[in-house]
Amino acid sequence: MEVAVFGAGIAGLMTAIALRRNGHNCRIFERSRQAHEAGMGFILVPEGIARMEAMGVQLKGVPLERFFYRNSSGEILHDQQMPVGARSIRRRDLSTSLLEALPNGTTITFDAELDRLEFDRQGRVTHAVLSSGESVRADLYVSADGSRSRARHMLFPGWSAPLARVPELVGLVRCLQTLRWAGHDFNKFHSESGGVALGVLRVDEEHVVWYLQFDSKRFPLLPAAMVSDGIAAAQARRSFATQLVGDWAAPIPHLLEGTDFTRVHHWQPVDADLIPRFHQENLVLVGDAAHPLSPFTSQGVSSAIADATTLATEIETDCTVEELPQALDRYSVTRRAQCAPYVTKGRTLMQNFLQPLAREERALLPIA
Ligand SMILES: Cc1cc2nc3c(=O)[nH]c(=O)nc-3n(C[C@H](O)[C@H](O)[C@H](O)COP(=O)(O)OP(=O)(O)OC[C@H]3O[C@@H](n4cnc5c(N)ncnc54)[C@H](O)[C@@H]3O)c2cc1C
């Protein structure tokens, strides 16, 4: 079968790996050459790692052992074993591992942005149109174009996907002292009154990632800090982060000082219900395009991986074009059911985050 995949993020690359292993011919179209290098890092849960390794992906990253829930003075209020096998990884390293695992015969075209899909009366995609005007024809169209997916918008134009109340500033720092301090643990500091937290994770032998989550209603970011680039945005982000958490326990002040804020990313997740289905005829959605999940669940990457491998289970080597709608329906039913609890859990974790600091035992680990 001829497959066109739009987006070479984690979901798009993994889908191409999994479908190619079933003998399908995959062409990937990616809007931006820089997307592969961009981003900081994430937590991988054991199921996601197992699925990737089973597809021949060789992963880097740092094993994670314990989660420490701290107050802003650094006092540990709770600690918990991480799921056995969990690890943190730089986004760039994960992208590279997936690119290296792409089987021969898979092509990637960069600077190729999906502009729109054209449908016939039955709702089948007849062809995709890139921003350059070029047409792409395939038997199966895979939308892996992230949380602001054009394909999802075309299928469900009225579907509400507002920005989540809790955005993040995310930074990557090269700092041996913090590396030693972080070790193999995931530390998260929380303000007493709720609504602000800072997580710290080592992602390789040299770097730690920090991410600052904040209640945008109580602590709105100045417009200057929201523009995507530039010195003024960097200064505004530094002063925002310093005001919020600059006097918190070590290593936070030192981490902020050592951060190049021109590279700090302002991440704005969306808070959406699940769309009614992840497919239509010969079009299927995977990863954030299908289900943008709350960062509180740490499930973005692992769910994208699960989408890809579930899709490959349904579209076997001998699957015909006529059988595609049923196969995609099975994929959609399975994955919707598996993702639904993450939507609920993400909202619960966000509500917990907005409350004053938890001193009683409850589910605090930010993993669903
Ligand atoms: C640049 C970037 C940095 C990120 N950094 C982090 C991070 O540090 N930590 C974290 O937890 N999560 C991060 N994420 C989100 C995380 O990668 C996803 O939540 C998760 O991996 C699911 O992956 P995905 O492939 O579905 O979506 P994404 O990773 O968002 O990938 C979507 C891909 O599609 C491409 N694309 C978008 N629109 C089009 C179009 N119209 N035509 C063609 N291609 C298109 C994008 O350039 C991107 O490469 C980042 C995402 C991006 C795009």
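In case you missed it, the structure is sitting above this.
Residues numbered from 1 in each chain as written. Predicted model: local features only at pLDDT ≥ 70, side-chain atom pairs only at ≥ 80, totals over all residues.

Asks: Explain helix H3 (residues 91-101) to me, please; I cannot follow it from the model alone.
Replies: Owing to its 3.6 residues per turn, the α-helix brings residues three or four apart onto one side. Along H3, the residues classified as buried are Arg91, Leu94, Leu98 and Ala101. Along the axis of H3, the buried residues cluster in a sector spanning 95°; they form a single face. Each element contacted by the buried residues of H3 is listed here: helix H1 (10-21), strand S3 (41-44) and strand S7 (87-90). (Buried ≥ 20, exposed ≤ 12 C-beta atoms within 10 Å, placed from the backbone. Helix = DSSP H or I, 4+ residues; strand = E, 2+ residues; numbered from the N terminus. Arc of directions from axis to C-beta. Contact = placed C-beta atoms within 7 Å.)

Asks: I would appreciate a short explanation of the sheet that holds strand S1 (residues 2-6) in the present structure.
Replies: To summarise the sheet geometry, strands pair through backbone hydrogen bonds and adopt either a parallel or an antiparallel arrangement. Taking strand neighbours across the sheet as the criterion, the six strands line up as S8-S2-S1-S12-S19-S18 in an open arrangement whose pairing is mixed. The outermost strands of the open sheet, each flanked by one partner alone, are strand S8 (107-109) and strand S18 (279-280). Note that strand S2 (residues 25-29) and S8 share three bridges and pair parallel. Along S8, the bridge assignment pairs Phe29 with Thr109. (Pairing = 2+ DSSP bridges.)

Asks: I would appreciate a short explanation of the site of the ligand in the present structure.
Replies: What surrounds the ligand is a group of 32 residues, the closest being Gly7, Gly9, Gly39, Gly146 and Gly287. Listed by contribution, the elements that provide at least two residues to the shell around the ligand are H1, S3 and helix H9 (300-314). Each residue belonging to the shell around the ligand can be placed in one class, and the counts come to 16 nonpolar, nine polar and seven charged. (Near = placed C-beta within 6 Å. Nonpolar A, V, L, I, M, F, W, Y, C, P; charged D, E, K, R; others polar.)

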